[in-house]
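# Per-entry structural report
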Amino acid sequence: MKPFNSILTEDPEFSAIRVLLIEDDYSFALSISKVLGFASKAVFSVEHVSTLEEGFRILEELPVDIVLLDLSLPDGHGLDSVSKVLERVSRAPVVVMTAQDETIALEALQLGVQDYIEKGSFELRALERVILYSLERHDLLQQIRDQRDLLDEKSRELQNSNEDLASMGYMLSHDLNEPLRVISSYLDLLRKKADSRLTEKEVEYLEIARDGANRMSTLIKELFEFSQIDRETSSGSVSLESILGEVKENLRVAILESGATIETGKMPHLDGCKTQFLILFQNLVGNAIRYKSAGIPPKIRIDSHRESDRFRISVSDNGIGIDPKFSQDIFELFRRLHAQDDYPGTGVGLATCKKIVERHGGRIWVESEKGKGSTFFLTLPRAVKKGA
């Protein structure tokens with residue numbers, strides 16, 4: 001018996017839901033067509049074909065909103081037929097129909113069909129709901145796929161952009177520092193060659209120029225370090241005791257000149273990047289030395305406390321303190337609270353600390369009062385022992 005007449009159309013003004021029914025049981029196909037003809041929530045147009053080959057022809061010639069596919073077609077091969085149909089209708093959902101055990105239908109779901117109908121037990125009056133649900137679910141999944149593809153594309157663009165910026169940052173760091181080194185060298189040479197002929201004021205001018213070149217070089221170095229934080233991928237168990245030992249060695253001159261004392265409690269092993277932890281604690285300890293109270297040697301205390309899967313580290317000092325109203329501002333890039341002549345710095349250090357801590361999933365904050373010292377708190381992940 002021939003399939004009933006096609007009513008699918010390419011007319012964009014035709015608003016019916018276009019159903020391609022691939023079913024060799026004519027009476028069952030006719031029942032489906034009649035049920036959809038009396039649907040209450042939507043208007044359906046049904047194109048019926050009885051073979052897979054005819055179905056493929058329709059899919060090539062006309063737009064289809066949903067496919068109802070019998071799994072027992074004379075020219076079909078079960079799940080292989082499902083795969084071939086799915087390849088041709090990526091923008092439309094497929095619902096399979098079977099008179100066999102539902103196992104094959106469940107396997108079809110794994111391949112990507114939206115739903116299935118068991119011919120022997122399915123109530124055709126529920127067909128409209130099945131079709132509308134499948135369309136809605138397919139549309140949502142397609143939107144998710146489209147958004148995911150867009151996100152992947154943007155992610156690739158961002159990665160390429162970051163790589164370009166990193167390369168540019170390295171070149172700028174090198175290219176900007178080179179003329180500064182030349183300036184500093186010639187200023188030193190000028191000072192040595194003409195020292196006896198320079199007035200006190202001229203010597204002061206040379207020192208100001210040399211200091212400016214040195215500060216610019218330091219700023220470039222710190223900005224480059226700041227820009228590289230998110231690019232550092234190395235991670236592992238890091239001994240904070242070892243890190244603080246390196247910090248003390250790196251700051252040995254500043255410690256001796258200021259008369260600073262540094263006390264530490266029992267230090268843990270942390271999980272993260274050793275290089276970044278070194279930058280982090282060198283900034284914090286260096287600030288505690290730099291912002292000391294006049295005439296009072298810095299006294300610095302570093303402690304740690306276990307909190308679930310991380311440690312809370314505190315770095316306390318007896319320095320000049322911070323007005324509580326600036327407790328958030330100090331972590332912003334280039335935010336300084338003091339004149340350069342009073343306390344030299346670049347305004348990058350604490351912003352770098354914040355970025356490092358947050359990259360490791362922690363947070364950093366300060367508790368302080370002006371003239372009463374400061375305590376910086378930070379949370380960092382603890383190292384997990386192998387086999388734990």
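Read on for a plain summary of the structure. (Residues numbered from 1 in each chain as written. Predicted model: local features only at pLDDT ≥ 70, side-chain atom pairs only at ≥ 80, totals over all residues. Heavy atoms only, no water.)

## Focus: the packing of helix 2 (residues 52-61) against helix 3 (residues 79-88)
Running from N to C, helix 2 and helix 3 point in directions that differ by 10 degrees, and their axes come no closer than 10 Å. By the angle between their directions, the pair helix 2 and helix 3 is classed as roughly parallel. Contact with helix 2, carried on its side by Leu52, Phe56 and Leu59, involves Ser81, Lys84, Val85 and Arg88 of helix 3 and no other residues of that element. Partitioning the contact of helix 2 with helix 3 into residue classes produces 4 nonpolar, 1 polar and 2 charged. (Axes fitted to C-alpha atoms, helices over the stretch in contact; angles between N-to-C directions. Helix = DSSP H or I, 4+ residues; strand = E, 2+ residues; numbered from the N terminus. Parallel < 35°, antiparallel > 145°, perpendicular 65-115°, else oblique. Contact = heavy atoms within 4.5 Å. Nonpolar A, V, L, I, M, F, W, Y, C, P; charged D, E, K, R; others polar.)

## Notes on the sheet that holds strand 5 (residues 115-118)
Across the sheet, 5 strands lie side by side as 2-1-3-4-5; this open sheet has parallel pairing. The open sheet has two edge strands, strand 2 (44-49) and strand 5, and neither has a second partner. On average, adjacent strands in this sheet sit at an angle of 20 degrees to one another, irrespective of strand direction. Sheet topology note: the strand 4 (residues 94-98)/strand 5 ladder contains 4 bridges and is parallel. Considered in strand 5, the bridge of Val95 is made with Asp115. Across the sheet, helix 3 touches strand 3 (66-70) and strand 4, and the angle it forms with strand 3 is around 165 degrees. (Pairing = 2+ DSSP bridges.)

## Concerning the pairing of strand 9 (residues 299-307)
Both strand 7 (residues 261-264) and strand 9 contribute to a ladder of 4 bridges, which runs parallel. Following the sheet pairing, Thr261 is matched in strand 9 by Lys299. In the sheet, strand 9 pairs with strand 10 (residues 310-317) via 7 bridges, with the strands oriented antiparallel. Across the sheet, Arg301 pairs through a bridge with Ser316, a residue of strand 10. Here strand 9 folds back onto strand 10, and the loop between the two strands holds 2 residues, one of which, Ser308, carries a positive phi near 55 degrees.

## Some details on the nonpolar core
Ranked by internal contacts, the top residues of the largest apolar core, which has 36 residues, are Leu280, Phe281, Leu284, Ile302 and Leu378. Listed by contribution, the elements that provide at least two residues to this core are helix 7 (240-250), helix 9 (274-290), strand 9, strand 10, helix 10 (349-359), strand 11 (364-368) and strand 12 (374-381). Looking at which element gives the most residues to this core, the answer is helix 9, with 8 residues. Discounting residues that sit within four places of it in the chain, Leu378 has contacts with Leu280, Phe281, Leu284, Phe311, Arg312, Ile313, Val357, Arg363, Ile364 and Trp365. (Core = buried A, V, L, I, M, F, W, Y, C linked by side-chain atoms within 4.5 Å. Buried < 20%, exposed > 50% of the residue type's maximum accessible area, 1.4 Å probe, protein only.)

## Points about a nonpolar patch on the surface
Residues Val182, Tyr186 and Leu189 make up a contiguous nonpolar surface patch of roughly 300 Å² in combined accessible area. Along the chain, the position of Tyr186 falls in helix 5 (residues 127-194). (Patch = residues over 30% accessible without salt bridge, like charges linked within 9 Å, V, L, I, M, F, W, Y side chains within 5 Å. Areas by Shrake-Rupley, 256 points an atom, 1.4 Å probe, with all protein chains shown as cover. Salt bridge = Lys/Arg side-chain N within 4 Å of Asp/Glu carboxyl O.)

## Quick notes on the sheet that holds strand 10
Taking strand neighbours across the sheet as the criterion, the 5 strands line up as 7-9-10-12-11 in an open arrangement whose pairing is mixed. Only two strands of the sheet have a single neighbouring strand rather than two, namely strand 7 and strand 11. Across the sheet, the mean angle separating the axes of adjacent strands is 20 degrees when strand polarity is ignored. Running at roughly 30 degrees to strand 12, helix 10 makes contact with strand 11 and strand 12 of the sheet.

## Some words on the packing of helix 9 against helix 10
Where helix 9 contacts helix 10, the two axes come as close as 9 Å, and the packing angle between them is 140 degrees. In terms of their interaxial angle, helix 9 and helix 10 are classed as oblique. When you trace helix 9 past helix 10, the crossing you get is left-handed. Between helix 9, through Gln276, Ile279, Leu280, Asn283, Leu284 and Asn287, and helix 10, the contact on the second element is made entirely by Gly349, Leu350, Thr352, Cys353, Ile356, Val357 and Arg359. Classifying every residue of the contact of helix 9 with helix 10 by side-chain character gives 7 nonpolar, 5 polar and 1 charged. (Left-handed = near helix turned anticlockwise from the far one by under 90°.)

## Examining the packing of aromatic side chains
Per the counting criterion, the structure on display carries 2 aromatic pairs. On the basis of an interplanar angle of 85 degrees and a centroid distance of 6.2 Å, the ring pair of Phe331 and Phe376 is categorised as edge-to-face. One end of the pair, Phe331, is in the loop between strand 10 and helix 10; the other, Phe376, is in strand 12, with 45 residues separating them in the sequence. You'll find Phe331 and Phe376 in the same group, each marked buried. Plain terms: the ring middles of Trp365 and Phe377 are 5.4 Å apart, the flat faces sit at 20 degrees to each other, and that makes the pair stacked. Taken together, the positions of Trp365 in strand 11 and Phe377 in strand 12 put the pair 12 residues apart, joining distant regions of the chain. The same class applies to Trp365 and to Phe377, which are both buried. Arg88 extends its terminal NZ or CZ atom over the ring of Phe56, reaching a point 3.9 Å from the ring centre. Looking at Arg363, its charged tip hangs above the ring of Trp365, at a distance of 3.9 Å from the centre. (Phe/Tyr/Trp six-rings, centres within 6.5 Å; stacked < 30°, edge-to-face > 60°. Lys NZ or Arg CZ within 6 Å of the ring centre and 35° of its normal.)

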